[in-house]
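Architecture at a glance
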Protein chains: 2
Amino acid sequence: MEKENALFGVKEIARRAKVSTATVDRVLHNRTGVSEKTKQRINEIIKEMDYQPNILASRLASRKVINLAALIPDVSEETDFWLAPLSGIRRAESEMKQYGVQVQVFFFDLNDKDSFAEKAREMIDAGVHGILVSPSFIEETKKLAAECSRRKIPFVFIDSNIPDLQSLSYIGPHLRKSGYVGAKLLTYRLESDKKVLIINISKEVDNFNYHEIEEGFRSYFNDHNQPNEIVRIDIRETDYQSVARHLTYVFHLNKDIGAAFVTNSRVHTVASFLKNSHRTHVSLIGYDFVKENVGYLENNVIDFLICHRPDDQGYRGMMALYQTLVINAPVTKQNFMPIDIVTKENYEFYQN
Amino acid sequence: MEKENALFGVKEIARRAKVSTATVDRVLHNRTGVSEKTKQRINEIIKEMDYQPNILASRLASRKVINLAALIPDVSEETDFWLAPLSGIRRAESEMKQYGVQVQVFFFDLNDKDSFAEKAREMIDAGVHGILVSPSFIEETKKLAAECSRRKIPFVFIDSNIPDLQSLSYIGPHLRKSGYVGAKLLTYRLESDKKVLIINISKEVDNFNYHEIEEGFRSYFNDHNQPNEIVRIDIRETDYQSVARHLTYVFHLNKDIGAAFVTNSRVHTVASFLKNSHRTHVSLIGYDFVKENVGYLENNVIDFLICHRPDDQGYRGMMALYQTLVINAPVTKQNFMPIDIVTKENYEFYQN
DNA sequence: TACCTTTACGGGCACGTGCCCGTAAACTCA
DNA sequence: TGAGTTTACGGGCACGTGCCCGTAAAGGTA
């Protein structure tokens, strides 16, 4: 019942080194005021004992608050996708609170690069110690990353990645593989004489995510010598009317489309179109467990949704920051999330 | 930078109630030695302030060690399925260690009821404060549950459930729905004139899991008026020779089996048979992300594996015990895991 | 040599809670 | 009424670490 394995602490180190705990403390936090000789002696003992600091006591004694921040898109009327990462962030927050960690979340508008830059500025000025970012805009993210490097603030990316930016970690899907899985599901029962339609609905012209996903999707067709012809369409407006107009045209040109693949969470717009135009025989696959999509999953318009546990991404992202800043533990640089397949039959148990 | 929101502690409560912190402490742990009057006064203040004890300080000050235990099947040569829950348990252990929580794992033989009872005995005698159990044997589990209730030891079930046993929580799949998902995947591209084969390979005669899964599987066929004839077979020996013998017979009797569904992780045995007998055109679905199965996923003999995040089950199970015993927080009684679909294309990112 | 600065270290309080021990006051009983 | 018992509470140390402050010793300067 009693704690017998009295895990050695600074006191024990101090006793062995014949110094006070304060000196040991100085060495542990490599502060000044210790002669080179004693420093070495103490370090040897620390190593020898494999000393693990007691985080409880450490956080209790420390009066410093650690400020973490997250910069993610606001929940818009278009999509509530970012509710999930937010909930993960909040979950992490409530766990870290007792350790004296505070979390601030900054929201930007997905349709406005400037709002990203603005909020990033605000966030940096708030004097945060670690940052979680959804790097939706490449150039703006690069600037933010540069600023973080200058100030030695660690940052993690979630949902999508921008390589070579010295992020502490990337937590999100392997996009190419994700597209690959989409292709597998789409072709699983597709007749070989049917065409396949790839749909990208996005205001952003240059979207890294999208390219990666489409590449993965196509590589499946290559790897398996799928005979199906692939048609693709970019739609730059996200409202239903525009989407419907474009799709009407495409379906007019291509009479024998058997399946459609939407590269992001706007698949519900396509579902709506298919339903309205009585084309529900077309297999439809898209992304993300958002309520609009689930509705069409329910009534069989969408066959599969692919998801990457956005909730978990938020949680793990914050935890990665916590690991480095509080525990001082290493963090894996690439953290690919599972590629989850959600159907009408299993969605009720899906935990984002 | 400084902790400004000095979250009120016992001292503040004591000040307001004009008593010492010791008295507040007595009330908080409802120990004796406090008059009814002051007790009420203090309780009011606690409620009013919505006092949250500082777990750090609490665990630091307490010299009590909390002993948690897990009773799970040993990893056998037949299956390494239980490696995953074990790893989750270990993960939880390493997180809880700093809070003065110790974890002991007891392994029993899945083919031997007595070993379950024996290890359960051993575990109880070790004086544990909370237990995680894989309730593989119904009667033996009931006895264990009764003993736990008598000693007021909370226990959680993982992987499969035995209702009405006053477990603190069940953490595992909704088996019926899981079978339902299996049926969906199996029929997704199945021709209507093909037969479907349900295979149960298990030494245990009365397996709760199995019945639930099969029921779910069949209910999908009912709900969707699937015309396919369903054939079923129970195989009581788990070795390859026996399985092959039985399957040879079944396939001999039923020439037009188009798909097979195995109700547990022994699907790799069936996969081996299908491969050896050149029947890989038969769609095959089974359970669990174990390495033998993944091998057959790799070479397209198994089409889909259904998984329920066994690692997470172990982790969450231990955490549920931690929640009640250390944090004293409520725990949800039913915790259904996601029904994950694993394919050749996405398995490399699957996180058990 | 007298005085000041720097270096290297120890003492000790604080964080919020758990809990042992001590003790007035109230109560009990012969 | 006096002695013993119970009740109700306060004092204060401990947990392991962070960090402020004090200070002896060494070094530097005139």
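1. Some remarks on the protein's contact with DNA strand C
Taken together, 28 residues lie near DNA strand C, and Ser20(A), Thr23(A), Ser35(A), Val10(B) and Tyr51(B) sit nearest. The sugar-phosphate backbone supplies 66% of the atoms of DNA strand C found within 4 Å of the protein. With respect to DNA strand C, the side chain of Thr38(A) contributes an N or O atom lying 2.9 Å from a phosphate oxygen. Where the surface near DNA strand C is concerned, the elements lending two or more residues are helix H2 (21–28) and helix H4 (55–61) of chain A together with helix H1 (10–17), helix H2 (21–28) and helix H4 (55–61) of chain B.

2. What to know about the packing of helix H6 (residues 113–125) of chain B against helix H7 (residues 138–151) of chain B
Residue and element names in this part refer to chain B. Where H6 meets H7, the axes come as close as 10 Å, and the angle between the chain directions of the two elements is 10°. With respect to H7, the axis of H6 lies roughly parallel. Remark: the crossing between H6 and H7 carries right-handed chirality. Here H6 contributes Lys113, Phe116, Ala117, Ala120, Arg121, Met123, Ile124 and Asp125 to the contact with H7, which in turn contributes Glu140, Thr141, Leu144, Glu147, Cys148 and Arg151.

3. Observations regarding the pairing of strand S4 (residues 155–158) of chain A
On a regular strand, one side chain projects to one face of the sheet and the next to the other, so that they alternate. Residue and element names in this part refer to chain A. Here S4 shows two buried faces, one formed by Phe155 and Phe157 and the other by Val156 and Ile158. For strand S3 (residues 130–133) and S4, the ladder comprises three bridges, and the chain directions are parallel. Among the inter-strand pairings, Ile131 is bridged to a residue of S4, identified as Phe155. At this point the chain moves from S3, through helix H7 (residues 138–151), to the parallel S4, and the crossover so formed is right-handed.

4. Quick look at H6(B)
Residue and element names in this part refer to chain B. With 13 residues, H6 extends 19 Å between its outermost C-alpha atoms, agreeing within 8% with the 18 Å of an ideal straight helix rising 1.5 Å per residue. All of the buried residues in H6 are Ser115, Phe116, Ala120, Met123 and Ile124. Down the axis of H6, the smallest arc covering the buried residues is 165°, so these residues share one side. Exposed positions of H6 whose direction lies more than 90 degrees from the buried face are Asp114 and Asp125. Considering only its buried residues, H6 is in contact with strand S1 (66–73), strand S2 (101–108), strand S3 (130–133) and H7. Its side-chain oxygen at 3.0 Å from the backbone nitrogen of Asp114, Asp112 defines the N-terminal cap of H6.

5. Examining the relation of the copies chain B and chain A
With an RMSD of 0.2 Å, chain B superimposes on chain A once it is rotated by 180° and translated 0.1 Å along the axis. One copy is carried onto the other by what is essentially a two-fold rotation axis. Here 100% of the interface residues in chain B have copies in chain A that are interface residues too; the copies meet face to matching face.

6. Concerning the sheet that holds strand S9 (residues 283–287) of chain B
All names here are of chain B. The strand order across the open sheet built from six strands is S7-S6-S8-S9-S10-S12, with neighbouring strands paired in mixed fashion. Lying at the two open borders of the sheet, with one neighbouring strand each, are strand S7 (230–235) and strand S12 (340–342). Taking the axes of each pair of neighbouring strands and ignoring which way they run, one obtains an average angle of 20° across the sheet. Relative to strand S10 (residues 304–307), S9 runs parallel, the two sharing three bridges. For Ile285, the partnering residue across the bridge sits in S10 and is Phe304.

7. Let's talk about the pattern of salt bridges
Residues and elements named next belong to chain A. Taken as a whole and judged by the stated rule, the model has 49 salt bridges over all chains. Note that Arg90 is salt-bridged to Glu93, the shortest N-O span being 3.1 Å. Here the residue Arg90 and the residue Glu93 both occupy positions in helix H5 (residues 83–96), the gap between them amounting to three residues, near one helical turn. In this structure Arg90 comes out as partly exposed when scored by relative accessible area, which is 36%.

8. Some thoughts on the environment of Ser283(B)
Structurally, Ser283(B) can be placed in strand S9. Overall, Ser283(B) belongs to the buried group, its relative accessible area being 10%. Put simply, Ser283(B) and Ala260(B) are 23 residues apart on the chain and 6.1 Å apart in space, counted from C-alpha to C-alpha. Filtering out sequence-adjacent residues up to four positions away, Ser283(B) remains in contact with Tyr188(A), Leu186(B), Gly258(B), Ala259(B), Ala260(B) and Asp303(B).

9. Focus: the sheet that holds strand S10 (residues 304–307) of chain A
Residues and elements named next belong to chain A. In spatial order, the strands read S7-S6-S8-S9-S10-S12; together these six strands make up an open sheet with mixed pairing. Both edges of this open sheet fall to strand S7 (230–235) and strand S12 (340–342), since each of them pairs with a single strand only. Across the sheet, the mean angle separating the axes of adjacent strands is 20° when strand polarity is ignored. Here five bridges tie strand S6 (residues 195–201) to strand S8 (residues 257–262), and the two strands are oriented parallel to one another. Residue Ile198 lies in a different strand from S8, and its bridge partner there is Phe261. Along the sheet, helix H8 (residues 175–187) makes contact with S6, S8, strand S9 (283–287), S10 and S12, crossing S9 at roughly 160°.

10. Examining the protein's contact with DNA strand D
Lining the immediate surroundings of DNA strand D are 28 residues, of which Val10(A), Tyr51(A), Ser20(B), Thr23(B) and Ser35(B) lie closest. Take the atoms of DNA strand D that sit within 4 Å of the protein: sugar and phosphate atoms are 66% of them. The separation between a phosphate oxygen of DNA strand D and a polar main-chain atom of Val10(A) is 2.7 Å. In this structure, a phosphate oxygen belonging to DNA strand D sits 2.7 Å away from a main-chain N or O atom of Ser35(B). Among the secondary structure elements, those contributing two or more residues to the surface near DNA strand D are helix H1 (10–17), H2 and H4 of chain A together with H2 and H4 of chain B. Per-element tally for the surface near DNA strand D: the top contributor is H2(B), with four residues. Considering only residue class, the surface near DNA strand D consists of eleven nonpolar, ten polar and seven charged.

11. Digging into the packing of aromatic side chains
Taken as a whole and judged by the stated rule, the model has 35 aromatic pairs over all chains. Ring geometry for Phe116(A) versus Phe137(A): centroids 5.8 Å apart, planes at 80°, classification edge-to-face. Of this pair, Phe116(A) sits in helix H6 (residues 113–125) while Phe137(A) sits in the loop between S3 and H7, and the two are 21 residues apart along the sequence. By relative accessible area, Phe116(A) is classed as buried at 0%. With a centroid separation of 4.8 Å and 75° between ring planes, the pair formed by Phe108(B) and Phe116(B) is classed as edge-to-face. Like Phe116(B), Phe108(B) is buried.

12. Things to note about the nonpolar core
Counting 58 residues, the largest nonpolar core has Met96(A), Leu132(A), Met318(A), Met96(B), Leu132(B) and Met318(B) as its most contacted members. By size, the runner-up hydrophobic cluster in this structure holds 46 residues, among which are Ala183(A), Tyr188(A), Tyr287(A) and Val181(B).

13. Some words on the domain arrangement of chain A
Residues and elements named next belong to chain A. Taken as a whole, chain A is organised into domain 1 (10–53), domain 2 (66–173 + 310–337) and domain 3 (175–307). Centre-to-centre, using C-alpha coordinates, domain 2 lies 29 Å away from domain 3. With twelve residues of domain 2 at the interface, the matching set in domain 3 holds 13 residues. In total, domain 2 and domain 3 occlude about 1100 Å² of area from one another, counting both sides; carbon and sulfur atoms represent 46% of this. Run the count over domain 2 and domain 3 and you get one salt bridge. Here Lys291 and Asp80 are joined by a salt bridge, their closest N and O atoms 3.0 Å apart. At the junction of domain 2 and domain 3, the tally comes to two residue pairs in polar contact (both at pLDDT 80 or more). Here the side of domain 2 that touches domain 3 is built from residues that sort into three nonpolar, four polar and five charged.

About the criteria used
- Position numbers for residues start from 1 in each chain and track the written sequence from start to end.
- As a convention, the first chain written is A and the first ligand written is 1, with the rest following in written order.
- Totals for whole chains, interfaces and linings use all residues, but because this is a predicted model, local features are given only for residues with pLDDT of at least 70 and pairs of side-chain atoms are given and counted only at 80 or more.
- Computation of side-chain values covers all heavy atoms of the structure but excludes hydrogens and water.
- Here, proximity means that at least one heavy atom of the residue falls within 4 Å of the molecule or strand.
- Polar contact criterion, stated in full: a pair of N or O atoms within 3.5 Å, where within protein one must be able to donate a hydrogen and the other to accept it, and residues adjacent in sequence count only if both atoms are side-chain atoms.
- Secondary structure follows DSSP: runs of H or I at least 4 residues long count as helices, runs of E at least 2 residues long count as strands, and numbering of each begins at the N terminus.
- Orientation is described by lines fitted to C-alpha atoms, with helices fitted over the stretch in contact, and by angles between N-to-C directions that extend from 0 to 180 degrees.
- Oblique is the label for any angle not under 35 degrees, not over 145, and not in the 65 to 115 range, which are roughly parallel, roughly antiparallel and roughly perpendicular in turn.
- In this scheme, a crossing is called left-handed if the near helix is turned counterclockwise away from the far one by less than a right angle; it is called right-handed if the turn is clockwise.
- Contacts are residue-level and defined by heavy atoms, with any inter-residue pair within 4.5 Å sufficient.
- Burial status follows relative accessibility: with a 1.4 Å probe on protein chains alone, a residue under 20% of its type maximum counts as buried, one over 50% as exposed, and anything between as partly exposed.
- Think of it this way: DSSP has to see at least two bridges between two strands before they count as a pair.
- Seen with the strands pointing away from the viewer, any crossover whose path from the first strand over the helix to the second strand runs clockwise is right-handed.
- The span expected for a helix works out to 1.5 Å for each residue beyond the first.
- Throughout, the arc means that of the directions going from the helix axis to the C-beta atoms.
- Residues below a pLDDT of 70 in either copy are left out; the C-alpha atoms of the rest, at least 70 in both, set the least-squares superposition of the copies.
- Should a side-chain nitrogen of Lys or Arg be within 4 Å of a carboxyl oxygen of Asp or Glu, the pair is scored as a salt bridge.
- Under the grouping applied here, Gly and all other residues not named as nonpolar or charged are polar, the nonpolar ones being Ala, Val, Leu, Ile, Met, Phe, Trp, Tyr, Cys and Pro and the charged ones Asp, Glu, Lys and Arg.
- A pair of aromatic rings is counted whenever rings of Phe, Tyr or Trp (Trp by its six-membered ring) have centres within 6.5 Å, and the orientation is called stacked for planes under 30 degrees apart, edge-to-face for over 60 and tilted otherwise.
- Each nonpolar core is a collection of buried residues, namely Ala, Val, Leu, Ile, Met, Phe, Trp, Tyr and Cys, held together in the definition by side-chain atoms within 4.5 Å.
- The start and end points of each domain follow an automatic or database-based domain assignment.
- Buried area adds together the accessible area that both of two parts lose upon being put together, with accessible area traced by a 1.4 Å probe.

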